[in-house]
Amino acid sequence: MTVSTPDAAFEELTRKHRRELLAHCYRMVGSASEAEDLVQETYLRAWKSYDGFEGRSSVRTWLYRIATNVCLTNLEGRDRRPLPTGLGAPSLAADAPLVEREIAWLGPLPDALVTPADPADVAVEMDTIRLAFVAALQHLPARQRAVLILCEVLRWSAAEAAEALDTTVPAVNSALQRARATMGSVDAAASPAPLDDHQRQMLDAYVAAFWRKDVDAIAALLTHDAVWEMPPWEGWYQGARTIAQLVDWNCPGQTHDMPMLPTRSNGQPAFGLYMRESCMVGPAAYGLSEGRPDLFVPFQLQVLQLDGDRVSHVVAFFDRAAFELAGLPMALTATEVAAIAPLAR
């Protein structure tokens, strides 16, 4: 006979909610690694208080209450996590100096960490972790952010949100009204749709264009007013030709130095762009004193927004940890690169 222990009962009741709680914490704080830590703290607090759980709400609602307050505590006294486009400065010319800013930037969230087990929930979950949506959330004060997520994403009533946040229904309604007004003035972009055959072919061409460092081909695959941003550099760039020039003039790789591997992040198509290691020797930004020409290492994780069969927005994250979170390899050999199909174009 199997004896159910309190720890086993807790695990059985709570483990299925971990992925959606990670997405919830990410919406609140804008960092996947930080969200993972906050989910751990949520489960620790829940486990400690499990004996007092009386079942007046569902386990899911109880966990969300704990997670929301864990996030609010974490956010006290902290600045929001922006993208470069959220800093309020105008777009730059391709030849403008690159200026790195040491702040806490909004980061990507790999789909693999949060994709729901139930296919019926996938569209809603992915729509509410889009980069543009989470970046827009960062414009809200923490408690307004919490109210908007609870009421608009989770579809809680004002009374449920008030109970979770230990406040009143009028206070929730007021915060929700202010949050909606702010979100309405921020470009949160259209919801992504499943890729069609034309878009998949376009993305193959995009990978091939970077492999060849064909800047004309890259420009042709972007919308006329496409946006490119790349934290931790504070500048952002607009226009297909400007972006192509940026890649041409500032990217250390040349022809056959920049392979890409596909992934998905924030419910959007994404690519890990690798750089031939020998290309990164010398410049202070990369810090390598020597590099192998037959090895390719993580350079940037590009998260793409599409408009029809063109790319309208690229956020390129210069963060090796983003590759690891996405389950991408931390190095590619020349043999592995040769097996990437779109590169043969």
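First things first, this report covers the structure right here in the doc. In this text, all values refer to a predicted model and were calculated from it rather than measured experimentally.

**Let's talk about the overall build of the protein**
- A tally of regular secondary structure across the protein gives 15 helices and seven strands.
- Expected size for 345 residues packed as a compact globule is a radius of gyration near 20 Å; at 22 Å, the protein falls within 12% of this value.
- For the protein, the C-alpha atoms occupy an extent of roughly 65 × 55 × 40 Å along the three principal directions.
- Taken over 345 residues, the protein has a buried fraction of 51%.
- Per element, the accessible surface of the protein, about 16,400 Å² overall, is 51% carbon and sulfur.
- Each charge class in the protein can be summarised by its mean position, and for the 30 positive and 43 negative side chains these summaries are 3 Å apart.

**Here we look at the packing of helix α2 (residues 18-29) against helix α8 (residues 142-153)**
- Relative to each other, α2 and α8 sit at 140°, their axes nearing to 9 Å. Considering their axes alone, α2 and α8 lie oblique with respect to each other. Of the two possible hands of crossing, α2 and α8 adopt the one that is right-handed. Only A142, R145, A146, I149, L150 and V153 of α8 make contact with α2, whose side of the interface consists of H24, R27 and M28.
- Its residues assigned to classes, the contact of α2 with α8 shows six nonpolar, one polar and two charged.

**Details of the pattern of salt bridges**
- Evaluation of the coordinates by the stated rule reveals 16 salt bridges.
- Between E34 and R78 there is a salt bridge; the shortest N-O distance is 3.0 Å. In this pair, E34 sits in helix α3 (residues 32-48) while R78 sits in the loop between α4 (59-75) and α5 (111-114), placing the two residues 44 residues apart along the sequence.
- Classification of E34 as buried rests on a relative accessible area of 13%.
- The salt bridge partner of E41 is R45, with a shortest N-O separation of 2.9 Å. Taken together, the residues E41 and R45, both in helix α3 and four residues apart, mark about one turn of the helix.

**Considering unusual backbone geometry**
- Look at the link from P231 to P232: it is a cis peptide, with omega at 20°.
- By the element assignment, P232 lies in the loop between β1 (222-229) and β2 (236-238).
- In this model, D166 sits at a positive phi of 55°, which is unusual for a non-glycine residue.
- Position of D166 among the secondary structure elements: in the loop between α9 (158-165) and α10 (169-184).
- The backbone of H256 shows a phi angle near 65°, a positive value even though the residue is not glycine.
- Within the fold, H256 resides in the loop between α13 (240-250) and β3 (260-265).

**Here's the deal with the pairing of strand β6 (residues 310-317)**
- Among the eight residues that make up β6, seven are buried, leaving the element largely enclosed by the rest of the structure.
- Across four bridges, the pairing between β1 and β6 is parallel. Bridging across to β6, V227 finds its partner in H313.
- In terms of strand pairing, strand β5 (residues 295-307) meets β6 through seven bridges, oriented antiparallel. Each bridged residue has a counterpart across the sheet, and for L304 the counterpart in β6 is V314.

**Brief notes about the nonpolar core**
- Of all hydrophobic cores here, the largest spans 112 residues; its most connected members are Y206, F210 and W228.
- Sorting elements by how many residues they give to this core places α4 first, with 10 residues.

**Describing the pairing of β1**
- Of all the eight residues making up β1, six are buried; the element is thus mostly covered by neighbouring parts of the structure.
- Of the strand pairs in this sheet, β1 and β2 are connected by three bridges, and their pairing is antiparallel. Opposite E229, over in β2, you have W236 as the bridge partner.
- Hairpin connection between β1 and β2: a loop of six residues separates the two successive antiparallel strands.

**Focus on the side chain of S265**
- Mapped onto the fold, S265 is located in strand β3.
- The exposure class assigned to S265 is buried, which follows from its relative accessible area of 1%.
- For S265, the side chain forms a polar contact with the main-chain oxygen of L109, separated by 3.1 Å.
- S265 has contacts with P108, L109, P110, D111, A270 and V303, leaving out every residue within four places of it along the chain.

**Some words on the environment of T255**
- Examined against the element boundaries, T255 turns out to sit in the loop between α13 and β3.
- Since its relative accessible area comes to 48%, T255 is described here as partly exposed.
- As a C-alpha pair, T255 and S57 span 198 residues in sequence and 59 Å in three-dimensional space.
- Ignoring anything within four residues of it in the chain, the contact list for T255 reads W211, R212 and K213.

Each value, and the rule that gives it
- Residues numbered from 1 in each chain as written.
- Predicted model: local features only at pLDDT ≥ 70, side-chain atom pairs only at ≥ 80, totals over all residues.
- Heavy atoms only, no water.
- Helix = DSSP H or I, 4+ residues; strand = E, 2+ residues; numbered from the N terminus.
- Rg over C-alpha atoms; globule rule 2.2 N^0.38 Å.
- Buried < 20%, exposed > 50% of the residue type's maximum accessible area, 1.4 Å probe, protein only.
- Areas by Shrake-Rupley, 256 points an atom, 1.4 Å probe, with all protein chains shown as cover.
- Lys, Arg positive; Asp, Glu negative; His and termini not counted.
- Charge placed at Lys NZ, Arg CZ, Asp CG, Glu CD.
- Axes fitted to C-alpha atoms, helices over the stretch in contact; angles between N-to-C directions.
- Parallel < 35°, antiparallel > 145°, perpendicular 65-115°, else oblique.
- Left-handed = near helix turned anticlockwise from the far one by under 90°.
- Contact = heavy atoms within 4.5 Å.
- Nonpolar A, V, L, I, M, F, W, Y, C, P; charged D, E, K, R; others polar.
- Salt bridge = Lys/Arg side-chain N within 4 Å of Asp/Glu carboxyl O.
- Pairing = 2+ DSSP bridges.
- Core = buried A, V, L, I, M, F, W, Y, C linked by side-chain atoms within 4.5 Å.
- Polar contact = N/O pair within 3.5 Å; in protein donor to acceptor, adjacent residues only side chain to side chain.

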